[in-house]
Amino acid sequence: MNDDVRNIILGVVAAGISAALGWLTRTYLWKRKLRRRQAFFGLPDNSECLLVVNRDAGHDGAVHRFDVFALLELASLIKDCGAHAQIIQGDLAQQGFGERTEFCLGGPYSNRRTGAHLGSLLPGVKINVDADPGPDRQSFQIGSERYRMEQGVTEYVILARITAGQDARPVFLFCGQRAITNQAATRYLARNADKLARKHGNRSFCLLLKVVNSHAYGPDVVELVADVTRAAQEPAPAIRTSHRATG
């Protein structure tokens, strides 16, 4: 075997080893990312979860089209984790939580189960559900702060991951002032899932998001207002200040 042939063989072997190592590295990183995401969502391979949907206030038993879009966002996340979902209406979900991951969509005015979760797990969050028009209609009170909605300009939504114990599966809440804000929260979660998993791990959190100018931008422009976990987990005190939504 002359030097040229030997060099060619060594080059091919080196290229093969390099390609194999690269493939193994990418596979390892992909699996590590997947395991972190599965742990964050509480969705190991072939697990079951609940999609608890709300009802459109104007139609008996119907789901608002923006909430349908939100369900599609969540379905993609669930599929990526290798899990399966069961869809159930909030008014019919008469069961405990913690055994299966739950994605609960909508505010307490359209989803009774959201109201139950807020009262049990996030007592510091109060939502005005009065039907009468007024500046505080559908406003949020979190701790001592109140956040009012300016429809189509500035609207708020709560994105929360909450658990009842160390080994319990999480409940994800998407609780917005309008249906389009529910979709905005699910889209925010889809875009930032890995970042949130690195930051919060398997701990509970409650984020207040602001949807900016939904009349023009739909659910796409979302800003993080604050991490309100501590205030949300404590019983709400008297209101100290009031915020008027600004564009």
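Reading the values: the criteria
- Residues numbered from 1 in each chain as written.
- Predicted model: local features only at pLDDT ≥ 70, side-chain atom pairs only at ≥ 80, totals over all residues.
- Heavy atoms only, no water.
- Pairing = 2+ DSSP bridges.
- Helix = DSSP H or I, 4+ residues; strand = E, 2+ residues; numbered from the N terminus.
- Axes fitted to C-alpha atoms, helices over the stretch in contact; angles between N-to-C directions.
- Patch = residues over 30% accessible without salt bridge, like charges linked within 9 Å, V, L, I, M, F, W, Y side chains within 5 Å.
- Areas by Shrake-Rupley, 256 points an atom, 1.4 Å probe, with all protein chains shown as cover.
- Salt bridge = Lys/Arg side-chain N within 4 Å of Asp/Glu carboxyl O.
- Lys, Arg positive; Asp, Glu negative; His and termini not counted.
- Charge placed at Lys NZ, Arg CZ, Asp CG, Glu CD.
- Contact = heavy atoms within 4.5 Å.
- Buried < 20%, exposed > 50% of the residue type's maximum accessible area, 1.4 Å probe, protein only.
- Phe/Tyr/Trp six-rings, centres within 6.5 Å; stacked < 30°, edge-to-face > 60°.
- Lys NZ or Arg CZ within 6 Å of the ring centre and 35° of its normal.
- Arc of directions from axis to C-beta.
- Polar contact = N/O pair within 3.5 Å; in protein donor to acceptor, adjacent residues only side chain to side chain.
- Core = buried A, V, L, I, M, F, W, Y, C linked by side-chain atoms within 4.5 Å.

**Description of the sheet that holds strand 10 (residues 222–227)**
Moving on, step 1. Spatially, 2-1-3-8-7-9-10 is the arrangement adopted by the 7 strands of the open sheet, whose pairing is mixed. Of all the strands in the sheet, the pair left with one neighbour each is strand 2 (84–89) and strand 10. Geometrically, the sheet is characterised by an average inter-axis angle of 20 degrees between neighbouring strands, direction not taken into account.
Moving on, step 2. Judged from the 8 bridges that link them, strand 7 (residues 154–162) and strand 9 (residues 205–212) form a sheet pairing that is antiparallel.

**Here's the deal with a positive patch on the surface**
Moving on, step 1. A contiguous patch of positive charge, built from Arg32, Arg36, Lys195, Arg198 and Lys199, is present on the exposed surface.
Moving on, step 2. Among the secondary structure elements, those contributing two or more residues to the positive patch are helix 1 (3–41) and helix 4 (179–200).
Moving on, step 3. Per element, the largest residue contribution to the positive patch is 3 residues, and it comes from helix 4.
Moving on, step 4. Among the secondary structure elements, Arg36 is positioned in helix 1.

**A few points about the environment of Tyr109**
Moving on, step 1. Tracing the sequence through the fold places Tyr109 in the loop between strand 3 (101–105) and helix 3 (112–121).
Moving on, step 2. Distance in space between the C-alpha atoms of Tyr109 and Gln138 is 8.8 Å, their sequence separation being 29 residues.
Moving on, step 3. The residues contacting Tyr109, other than those within four sequence positions of it, are Arg55, Ile127, Val129, Gln138, Gly176, Gln177 and Arg178.

**A word on the pairing of strand 1 (residues 48–53)**
Moving on, step 1. Burial analysis of strand 1 places 5 of its 6 residues in the buried class, which makes it a mostly covered element.
Moving on, step 2. Sheet topology places strand 1 next to strand 2; 6 bridges connect them, and they run parallel. Counterpart to Val52 in the pairing with strand 2 is Ile88.
Moving on, step 3. Direction of pairing for strand 1 relative to strand 3: parallel, over a ladder of 4 bridges. In the sheet register, Cys49 faces strand 3, and the bridge partner there is Thr101.

**Quick notes on the environment of Arg37**
Moving on, step 1. Along the chain, Arg37 falls in helix 1.
Moving on, step 2. For Arg37, a relative accessible area of 15% puts it in the buried group.
Moving on, step 3. The residues contacting Arg37, other than those within four sequence positions of it, are Leu77, Asp80, Cys81, Ala193 and Asp194.

**As for the packing of aromatic side chains**
Moving on, step 1. Under the counting rule described, the total for this entry stands at 8 aromatic pairs.
Moving on, step 2. Ring geometry for Phe41 and Phe172: centres 5.3 Å apart, planes at 45 degrees, overall tilted. Pair noted here: Phe41 is in helix 1 and Phe172 is in strand 8 (residues 171–176), with a separation of 131 residues, a long-range link. We note that Phe41, like Phe172, is buried.
Moving on, step 3. The structure contains a cluster of three or more aromatic residues connected by ring pairs, namely Phe40, Phe41, Phe103, Phe172 and Phe205.
Moving on, step 4. Arg65 extends its terminal NZ or CZ atom over the ring of Phe66, reaching a point 4.4 Å from the ring centre.

**A word on helix 3**
Moving on, step 1. Listed in full, the buried residues belonging to helix 3 are Arg113, Thr114, His117, Leu118 and Leu121. Projected onto a plane normal to the axis of helix 3, the buried residues spread over an arc of 140 degrees and lie on a single side. In helix 3, the exposed positions that point more than 90 degrees away from the buried face belong to Arg112, Gly119 and Ser120.
Moving on, step 2. Capping the start of helix 3 is the job of one residue whose side-chain oxygen sits 3.0 Å from the backbone nitrogen of Arg113: Asn111.

**So, the nonpolar core**
Moving on, step 1. Phe40, Phe41, Leu43, Phe103, Phe174 and Leu189 are the most contacted members of the largest nonpolar core, which has 30 residues in total.
Moving on, step 2. In terms of residue count, the dominant contributor to this core is helix 4 (7 residues).
Moving on, step 3. Setting aside anything within four residues of it in sequence, one finds Phe174 in contact with Leu74, Phe103, Cys104, Leu105, Gly106, Val157, Ile158, Leu159, Asn182, Ala185, Thr186 and Leu189.

**Observations concerning the pattern of salt bridges**
Moving on, step 1. This model, assessed by the stated rule, comprises 9 salt bridges.
Moving on, step 2. Among the salt bridges present, the one from Glu155 reaches Arg178, with a minimum N-O distance of 2.6 Å. Placement of Glu155 in strand 7 and of Arg178 in the loop between strand 8 and helix 4 is noted, with a sequence separation of 23 residues between them.
Moving on, step 3. With a relative accessible area of 0%, Glu155 lands in the buried category.
Moving on, step 4. Of the residues examined, Arg178 reaches a relative accessible area of 24% and is grouped as partly exposed.
Moving on, step 5. Note that Arg187 and Asp220 form a salt bridge whose closest N and O atoms lie 2.4 Å from each other.

By themselves, these figures tell us nothing about what the structure is for.
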